[in-house]
Amino acid sequence: MSQPTSSPFAHNNQSVRKVMMQVQIAALPALLTHIYLFGFGIVVQWLLAIATMLVVEYIMLKLRGRPIMPFMTDMSALITITGLVFCIPPEAPWWIIVSGSAFALVFGKHLYGGLGYNPFNPAMLGYAFLLISFPVQMTTWTLPVDLSGHTLNFIESAHYIFTGQIPGYSLDALTGATPLNEVRNGLSQGLNVTETITEQTKNQLFGLTSWGWVNVAFMIGGLWMIYSRVISWQFPIGFLGALALISFIFHQYDPSVYPPTSFMLFTGGTMLAAFFIITDPVTASTTPKGKLIYACGIGVLVYVIRQWGAFPDGIAFAIILMNIAVPLIDQYTQPRVFGHQR
Amino acid sequence: MLRPFIEQIAKIYPTAKRYLHVFHGGVFPKYNKELSANQPVRTQIIPNKLILPLQQQVGLAAEVLVNVGDYVKKNQLLAKSSKDPKKALIVPMHAPTSGVIESIEPAILAHPSGLLDMAITLKPDGKNITIENVLNVSKQPIETPDQLKDILFHAGIIGMGGAGFPTYAKIPSRPGQIHTLLINGAECEPFITCDDLLMQTQADEIVQGALITAKALGSSKIICGIESNKPTAIKAMTQAAIGTIVEIKTVESVYPMGGQKQLTLELTGIEMPHKTHAVDIGLLMMNVATFTAIYRAVMFGEPLTARMVTVSGLGFNKPFNSVAMIGTPFSELAEAAEPKSKLDYPLVMGGPMMGVKVKDNGVPITKTTNCVLANPPEPVDMQMPCIRCGECMDACPVNLLPQQMYFHAQAHEFDKVEKLNVFDCIECGCCSFVCPSHIPLVQYYRHSKSELKEIHAEQKAVDLAKERHEFRTARIEREKAEREARLKAKKEAVKKQSAAKPADNPANNADTPKKKPASSAAAAAARAAAARRAAKTNQDSATGSTQTPETSASSEEKMPSARLKAIEAAKQATQQSAQQDLEQGSEKTTDPKVAARNAAMLAAKKRAAAKKAEKVAETESDTSTPVDAVNALDTEKPDQTTIKKDPKQAAKAAAMAAAKKRAQAKIEKKANAEKPSESVNTTNKTEDASPSQPEPSQMVDLTQQTTETDASRKEAARKAAKLAAKEATKKRADAARVTKQQAEAERAETIERTGQVDPVTDKRNKAVEAARQRAALRKTQKNQTNSDE
């Protein structure tokens, strides 16, 4: 490559590919935990997603007239599909992940101009598309091993994903609702939240449900990313702080209807969102204060949708709604320039 | 208390070091200072040739004072601009060593543009013969800023930290304005160690230089900032500052700590407002090298001819520092540092963060060069789209939004870029340094700044043109309004007059109210003259004695008589028109115009008839001919707008008449023989002159009642002056001709007497004689014709 024509002639060796690789590495602990607790379904989904990504990226870059390299290998699409893969049930049919990924990459990224130009988070766009279009498939989660008593190995998972049947097992034994969904169903049936939760605690490993452990794994990866300056600290702290605060307030107000903070923070896709999804720099706010406001907004919206909305996990819609507000937030949170009054 | 905690954290989380300094952001590049800092300072290299640019700083270029082939000594003044240093920025140039001036021609200089500029090439002779104390300093202490400014100006000292602003212009003249003097020993760029070694080796000079400056300016505080990665320098400076008011402060090693605004905030806690100079808020910051130069100039009378330069980089085997002469080519210094491979890549002047790639490796060291850097080119990543990560914003020491500025600069929305305060950008390069997408952000801002400058200049020109155009249209309208106002006033006056006294007979104008006392006398005279003229026309008399001494004496008042006639005629006309108006009951503004026009035509016809008679009667008179001829020849143009020329006409004619009178008197006095020809000449001249007058119009001659505005008076005065000048030249020409003719006459006489004949003069004389005879003949003929009529 040609040398820069004017100063500076030094650089700190950071690059887009490096940033994306670091995010991918940070997601590894969670992936391993997921496999351990839920079986190999997620690996099959991930492989399907990679295949979809390669095909879709290639076609879109060609259609847009962009050079295939380096855009094919800038790892940004990898982050999108990783996020999406964690959001869907591991035993969902194959066309779920394929359509979701395709939608996310095409409509969430390329049609807006490719890397760096999309206003909405592509993973969340794909997730929202799937939630609205295929609600049944998106809410029948695989039960974790401790609940179902059986780990699906790789072949069985693949078989199920592609054909919808596993020879020798019935579906009901394997699938069920997530804790969040259980709480909702419980409330609609008149069960107390505490009752529902105490029932869940019977099946916990070391005090946390399987989903809780996956969240913890995400948190570990996220903390590493904060340390290596891949993501900004304002995102997780703002999001988790706001979510914790609002759930604490409401839980104090009426514990029978509103779940406790620990429940809120460690179920569903909370940690995934906190460290991996909302930290997507392209779609988030850019000013330091703006990042905090953005993250807090998401936290509040997630709680609202979870409690009073139609979906058990409101991450997708909360993020998309705040993405809409980002230009406004950026406009009004510009920092004070050196030497100016304000 | 928090500092050690942060320092511990910084070991595992390096970016925490950003909390150790006051200003926002900053980056921590790989410094590589040990490459040159651990090497001893080498002796001065006397190069094979020195290239001395005539302009090394902002301001005017120096003018060369020596010639090619001259032998110059060290410290000798080579070039200095002749302009006033108080009005322009001027820096003289002195010879760094003794030698012969080889050439004075454009040379390529260490500027980003690579353009050629004038430079003196000096060939050193190696002997280094020096002129001591070339600035003629005495050992007296300097008490006032002006004394210091004088020495600094003559020493040619400019800011040696890199900006190169002439120091004599930077220092204010008022003593006590600067309360704190700041010494910049930070040196934050990677690779550069020249200030470090200067502080290690010449700490005393720096401190003394600062003390001299503080004393001259009346500063009460001196603070020196040195980065923490220079422990030896800190020790040396602290040692040198014992017992003085100089305070040595250690600051964090972060780029760009050495920036003026950043270091000021760090040392004093004062945040300089944008668009202000440090001297305006009582601070003055200068580099350690500048203080050394000040010391040497004040104590030893040495001008600035050499400076400490770092020759370093990953491409050198033996990087070093040395005091290099101004004008030493880069290539010679680079050779002394033993490059690892052939230098086929461009060297960099300055550091890697803010340096400039030179267009030719033979460019010279200037007074602001602090480093010759050789980093072999490494492959650079391709520019990717911005992922909006915000690292640039975190790194910016001025707390700007590089990301937003980049987006708007890309979209050519330069007004938005300006709103984002791009002009506060110090182009330090921190944003480009941290960008993961490898976007050359600083280049975008440099481009935006130049585009904005151009836009502002164009806007200014447009605004000026608009202002001038508006002023011009306003002026034209104002003049038009004045004209109309004057017209209106005249019409009102006419109406009033006609309403007051209906007069049918031009002879009965005794009742017309005359505001000017001269007019009444003129009226009486005019009446008399009119009566006489009438008698003359009736009798067909052709004597030229119609002009009574009265009228000849009052030739200036002759004019009003003719005008009065027109007044009467116009009055009649307006009377008629007024009656018509009353009958019609309408007040059209054009009616008086039309009526007056008709009246003017009538009057003109009358005047034409009278003119003939006048011409006959007055051709023989000497004084009044020109005047009345002027009036008689007045063409009748029914044009209201020329009324304003009446005062002009009056003045012009008056001046002409007076001049004529004087000329005639002189002529009469000198030679009687010349008189007829002269009068004929003047008459001819007059007749020649009068047709050349533009638009003389007398139909509605109401000058007595006209309200003259300032503008019209000024115009009249101007025209009168012009006319007077014309007359004066004419008079001089007349006089000259008179003398010439006299001389001719005398010569003719002498010739007649002596009988000598010079063929040329003889011919001329003959021609003159012939002309004279022709003129006499013409006159007699005219007289005859006149007498016939």
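This write-up is about the structure you can find in this document. (Residues numbered from 1 in each chain as written. Chains lettered and ligands numbered in written order. Predicted model: local features only at pLDDT ≥ 70, side-chain atom pairs only at ≥ 80, totals over all residues. Heavy atoms only, no water.)

**A short note on the side chain of S312 of chain B**
Here is the rule: For the purposes of this entry, the term helix denotes a DSSP run of H or I that reaches at least four residues, the term strand denotes a run of E that reaches at least two, and both are numbered from the N terminus. Three labels apply to residues, based on accessible area from a 1.4 Å probe with only protein chains included: buried if under 20% of the type maximum, exposed if over 50%, partly exposed otherwise in between.
Mapped onto the elements of the fold, S312 of chain B is located in strand 12 (residues 306-312). Using a relative accessible area of 0% as the deciding quantity, one classes S312 of chain B as buried.

**Examining the interface of chain B and chain A**
Let me state the cut-off plainly: Throughout, a contact is declared for two residues whenever any of their heavy atoms are within 4.5 Å. Joining two parts hides part of their accessible area as seen by a 1.4 Å probe, and the buried area is that hidden amount summed over both. The term salt bridge refers to a side-chain nitrogen of Lys or Arg lying within 4 Å of a carboxyl oxygen of Asp or Glu. N or O atoms closer than or at 3.5 Å make up a polar contact, with two conditions inside protein: a donor-capable atom paired with an acceptor-capable one, and, for residues adjacent in sequence, both atoms drawn from side chains. Three residue categories are used. Nonpolar comprises Ala, Val, Leu, Ile, Met, Phe, Trp, Tyr, Cys and Pro, charged comprises Asp, Glu, Lys and Arg, and polar comprises the others, including Gly.
Between chain B and chain A, the contact holds 54 residues from the first and 41 residues from the second. Here chain B meets chain A over a buried area of about 4,300 Å², counting both sides, of which 58% is carbon and sulfur. The tally of links from chain B across to chain A stands at four salt bridges. With a shortest N-O distance of 3.4 Å, R229 of chain A and D394 of chain B are connected by a salt bridge. Counting across the interface, chain B meets chain A through 21 residue pairs in polar contact (both at pLDDT 80 or more). Broken down by secondary-structure element, the contributors of at least two residues to the side of chain B that touches chain A are helix 8 (260-268), strand 15 (356-357), helix 11 (391-395), helix 12 (402-410), helix 14 (430-434) and helix 15 (441-500) of chain B. In the side of chain B that touches chain A, the residues fall into 30 nonpolar, 13 polar and 11 charged.

**Looking at the sheet that holds strand 12 of chain B**
All names here are of chain B. Selection rule: Any two strands with at least two DSSP-identified bridges between them are counted as paired. Throughout, an axis means a line fitted to C-alpha atoms (over the contacting stretch in the case of helices), and angles, computed between N-to-C directions, take values from 0 to 180 degrees.
Taken together, six strands build an open sheet; the order of strands is 1-13-12-16-14-15 and the sheet is mixed. A single partner strand is all that each edge strand has here, and the edge strands are strand 1 (41-42) and strand 15. Relative to strand 13 (residues 320-325), strand 1 runs parallel, the two being bridged by two bridges. Within the sheet, the bridge partner assigned to R42 lies in strand 13 and is S322. Sheet strands touched by helix 5 (residues 194-201): strand 1, strand 12 and strand 13. Its angle to strand 12, the strand with the most contacts, is close to 125 degrees.

**Brief notes about helix 6 (residues 203-217) of chain B**
All names here are of chain B. Stated precisely, the cut-off is as follows: The span expected for a helix works out to 1.5 Å for each residue beyond the first.
With 15 residues, helix 6 extends 21 Å from end C-alpha to end C-alpha; this agrees with the ideal 21 Å at 1.5 Å per step. Here helix 6 lies mainly inside the structure; 12 of its 15 residues are buried. Within the span of helix 6, buried status applies to A203, E205, I206, V207, G209, A210, L211, I212, T213, A214, A216 and L217. Remark: G218 follows helix 6 within two positions and exhibits a positive phi of approximately 80 degrees.

**Let's talk about the sheet that holds strand 9 (residues 221-227) of chain B**
Residue and element names in this part refer to chain B. One open sheet holds the four strands; their spatial order is 10-9-8-11, and the pairing between them is parallel. The open sheet terminates on both sides in strands that have one partner only, identified here as strand 10 (246-251) and strand 11 (283-287). The average undirected angle you get between the axes of adjacent strands in this sheet is 25 degrees. Sheet strands in contact with helix 6 are strand 8 (180-185), strand 9, strand 10 and strand 11, and its direction is about 155 degrees off that of strand 8. Sheet contacts for helix 9 (residues 288-300): strand 8 and strand 11; angle to strand 11, the most-contacted strand, approximately 90 degrees.

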